[in-house]
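# Results of the structural survey
These are the residues of each chain, in order.
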Amino acid sequence: RIREKESNPYSSGTKTNLFTLLVFRSNAPGPGQADHAETALQFLLGKRPARIITIRRASAPHTEAWVSGRCFPDRRNRGVCFEEVHIESGDDGMGADPGAWSPLVIRDLPVFAWMPDTLEKESAEWTPALSGSAGLIDKLLVDSSRGDAPEIDSLRALQGFRDAAADGFFVSD
């Protein structure tokens, strides 16, 4: 519906996605803090259509999910849209289980996983999900400079991700 709304008689909204982005979040930014992940997504908005699946650990008994979309006109005034799925992974573990969200991944298109938060905490929290989805992901993107831990801990976390990938996908820092 969002894409239909973004089209007009002179130009249609973008009808396809170029990739799927899985965003694994450990924590939300505090009040008054800028969200660097949201800033990066805003930079991409209007440039490339994508499906973005954000999975965030929540301190709730049950997993919750909702969908949304946002569009921005490109250079030819066509709506370029993000289809967004937000999953708050509760204590039931459903949101972290790749079996729950893997049907939402668009087949035959590149799938990137991104860990925009502190690497050391995410390593322990998301390694099982990455291991279970190794056949779906093409590349894992991490930023080891985001953590407060010593570099050796970041390197151990990267090694853990590489081991979880079991040659299923590339890991990039």
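Located above this text is the structure these notes cover.
Let us look at the structure shown here. (Residues numbered from 1 in each chain as written. Predicted model: local features only at pLDDT ≥ 70, side-chain atom pairs only at ≥ 80, totals over all residues. Heavy atoms only, no water.)

Attention shifts here to the pairing of strand β4 (residues 79–89). Judged by how many residues are buried, β4 sits mostly within the fold: eight of 11 residues are covered. One ladder, built from eight bridges, connects strand β2 (residues 50–57) with β4; its direction is parallel. Paired with Ile52 across the bridge in β4 is Glu84. Across 10 bridges, strand β3 (residues 64–73) lies against β4 in antiparallel orientation. Paired with Arg70 across the strands is Phe82, a residue of β4. (Buried < 20%, exposed > 50% of the residue type's maximum accessible area, 1.4 Å probe, protein only. Helix = DSSP H or I, 4+ residues; strand = E, 2+ residues; numbered from the N terminus. Pairing = 2+ DSSP bridges.)

For the coordinates displayed, the defined rule picks out three aromatic pairs. With a centroid separation of 5.9 Å and 75° between ring planes, the pair formed by Phe19 and Phe112 is classed as edge-to-face. A residue pair is termed long-range when its members are at least 10 positions apart, and Phe19 in strand β1 (residues 19–25) and Phe112 in strand β5 (residues 111–115) qualify at 93 residues. With 6.0 Å between their ring centres and 70° between their planes, Phe24 and Trp101 make a pair best called edge-to-face. Pair noted here: Phe24 is in strand β1 and Trp101 is in helix α3 (residues 98–101), with a separation of 77 residues, a long-range link. Trp101 shares its class with Phe24; the two are buried. Members of the aromatic cluster, joined through ring pairs, are Phe24, Trp101 and Trp126. Directly above the aromatic system of Phe43 lies the positively charged group of Lys47, at a separation of 4.3 Å from the ring centroid. (Phe/Tyr/Trp six-rings, centres within 6.5 Å; stacked < 30°, edge-to-face > 60°. Lys NZ or Arg CZ within 6 Å of the ring centre and 35° of its normal.)

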